[in-house]
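Coordinates in review
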Amino acid sequence: MDRRTMLGAGVGMAAATALDWTAFAAPAAAATGKPGDPVQMRSDGTYATVPLKKDVISLAVAQTRVVPVELSNIRQTRRANVQHMCDVIDTANGFSGSKDLICFHEFPITGYRHVWNLDDARKIAIEIPGEETEILAAKAREYGSYIVFGSYVRDPDWPERLLSITTMINDKGEIIAKDWKARNLKGFFPGGRELFTTTIYDVLDEYVERYGWDAVLPIVRTPLGNFITSSSQREPELFRAYAMKGAEVMLRTATGNYGELDVRATSMYNGVYSTIANNSASPENKYYLADSNPGYAGIIGPDGEFIKQAETDSETLVYGRIPIGSFRARHRQPIVHSELVMPIFEQYRSPYGPNLLADYQPTDTEDAGRYLREKTRW
């Protein structure tokens, strides 16, 4: 029984994103997340970068346990999860040498429980920056490693909302990315339940007004390469758009299963590297069976083949190296005959439009289902 099967009695975390093709016509500007920022996009096959500090980067994908924070003891159980991440970071930088980048899965800090309502999930969620990110930042500085992880997040700029964010901390301990989940899947889960986290698509107009169009599909340009982060699956247009903007390495997260074909095909069609961090089997998680489709984290090359993949569902680290210098020297935007498909994309409308949660925040999965049930355009 995988996590998404379990969500027939609760809620899942799968996601996808709608693509606004008109945004690509905007002039180039830095992805600063400021109001009015247009999409930083080129149309000559090249893309924006910062100089690389090395030609080959070493990375580790952490396949670690998922343990839900206890509502009766939030700080201590959440801190225990962060300490476990620190132990894994120590191991990743141990005998096999230092790592430039270490990637964790979707919920290594808070864990996940399908019975949490909005109030529960906001209580266990972290703030960024906060105590947890400070601890991880210290580890990043200690080893000179970039660290990537997902989490439920509270943001005082978005009161009463619950966000699902993937964070990147650089080797100096600085938070350089806080990437919102782009869009939740709607009309997917059995029993008429829906997710109640707020995504970019749910408040698209306000999000763009605050941060600009470039922050909708952000590229994190670093001296290690151009990265994107995502917990979305089965949304090839989303990753095509990232590749058009200059993504070189796609850092993807999951909890309780992922589509291997989806991740491999995304790398192959766009000619980029990908990582996928899924949770391990977790006997420490008393709320689910330990074997709920965990495991098989990996690193995928531009040909769509695994460079390395976990051979077990136990806790483990998948190590790899990416020749980012030689890759960048020959890499270009993906070739897309856009004139053939633009008339179709311009007329297509997804069943659920944007901004559906702009004026209402569901309190749990049942309330979200009730509220969204009549919102479909199909």
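Within the chain, the secondary structure is distributed over 10 helices and 13 strands. In terms of overall dimensions, the chain is globule-like: its C-alpha atoms have a radius of gyration of 20 Å, near the 21 Å expected for 378 residues. In the chain, which comprises 378 residues, the proportion classed as buried is 59%. In the chain, once contacts between residues fewer than 6 apart in sequence are set aside, the share between residues at least 24 apart is 71%. Summed over all atoms, the accessible surface of the chain reaches about 15,700 Å², with 51% contributed by carbon and sulfur. Computed over 42 positive and 48 negative side-chain charges, the separation of the two mean positions in the chain equals 2 Å.

Turning to the pairing of strand β9 (residues 249-253), a few remarks are in order. Of all five residues that make up β9, five are buried, and the element is covered over most of its length. Burial of the side chains of β9 extends over both faces: Val249, Leu251 and Thr253 are buried on one face and Met250 and Arg252 on the other. By the bridge criterion, four bridges tie strand β8 (residues 225-230) to β9 in an arrangement that is parallel. The residue bridging Phe227 from the neighbouring strand is Val249, located in β9. In this fold, the crossover linking β8 to β9 by way of helix α6 (residues 236-245) has right-handed handedness. Across five bridges, the pairing between β9 and strand β10 (residues 273-277) is parallel. Bridging across to β10, Leu251 finds its partner in Thr275.

What follows deals with the packing of aromatic side chains. Going through the model one piece at a time under the given rule, you end up with 11 aromatic pairs. Residues Trp116 and Tyr152 carry aromatic rings whose centres are separated by 6.5 Å and whose planes lie at 65° to one another, so their mutual orientation is edge-to-face. Here Trp116, found in the loop between β2 (101-103) and α3 (118-124), pairs with Tyr152, found in strand β4 (residues 146-154); they are 36 residues apart in sequence, far enough to count as distant. Classification of Trp116 by relative accessible area gives buried; the value is 3%. Assessed through its relative accessible area of 4%, Tyr152 is described here as buried. Counting every residue linked through ring pairs, the aromatic cluster contains Phe107, Tyr112, Trp116, Tyr152 and Tyr288. Residue placement shows Arg183 over the ring face of Tyr201; its charged tip is 5.5 Å from the ring centre. Across from the ring centre of Phe239, 4.0 Å away, lies the NZ or CZ of Arg252, which sits over that ring.

On to helix α7 (residues 260-270), then. Along α7, the residues classified as buried are Asp262, Val263, Ala265, Thr266, Ser267 and Asn270. Buried residues belonging to α7 abut α6, β9, β10 and β11 (298-300). Looking one or two places after α7, you find Gly271, whose phi comes out positive at around 65°.

Let us look at the pattern of salt bridges. Scanning the model with the defined rule gives 19 salt bridges in all. In this structure, the salt-bridge partner of Glu142 is Lys139, at a minimum N-O distance of 3.2 Å. Remark: Lys139 and Glu142 occur in helix α4 (residues 131-143); sequence separation between them is three residues, near one turn of the helix. Looking at Glu142, the relative accessible area reads 49%, which means it is partly exposed. With a shortest N-O distance of 2.7 Å, Glu206 and Arg210 are connected by a salt bridge.

About the thresholds
- Residues numbered from 1 in each chain as written.
- Predicted model: local features only at pLDDT ≥ 70, side-chain atom pairs only at ≥ 80, totals over all residues.
- Heavy atoms only, no water.
- Helix = DSSP H or I, 4+ residues; strand = E, 2+ residues; numbered from the N terminus.
- Rg over C-alpha atoms; globule rule 2.2 N^0.38 Å.
- Buried < 20%, exposed > 50% of the residue type's maximum accessible area, 1.4 Å probe, protein only.
- Contact = heavy atoms within 4.5 Å.
- Areas by Shrake-Rupley, 256 points an atom, 1.4 Å probe, with all protein chains shown as cover.
- Lys, Arg positive; Asp, Glu negative; His and termini not counted.
- Charge placed at Lys NZ, Arg CZ, Asp CG, Glu CD.
- Pairing = 2+ DSSP bridges.
- Right-handed = clockwise from strand over helix to strand, strands pointing away.
- Phe/Tyr/Trp six-rings, centres within 6.5 Å; stacked < 30°, edge-to-face > 60°.
- Lys NZ or Arg CZ within 6 Å of the ring centre and 35° of its normal.
- Salt bridge = Lys/Arg side-chain N within 4 Å of Asp/Glu carboxyl O.

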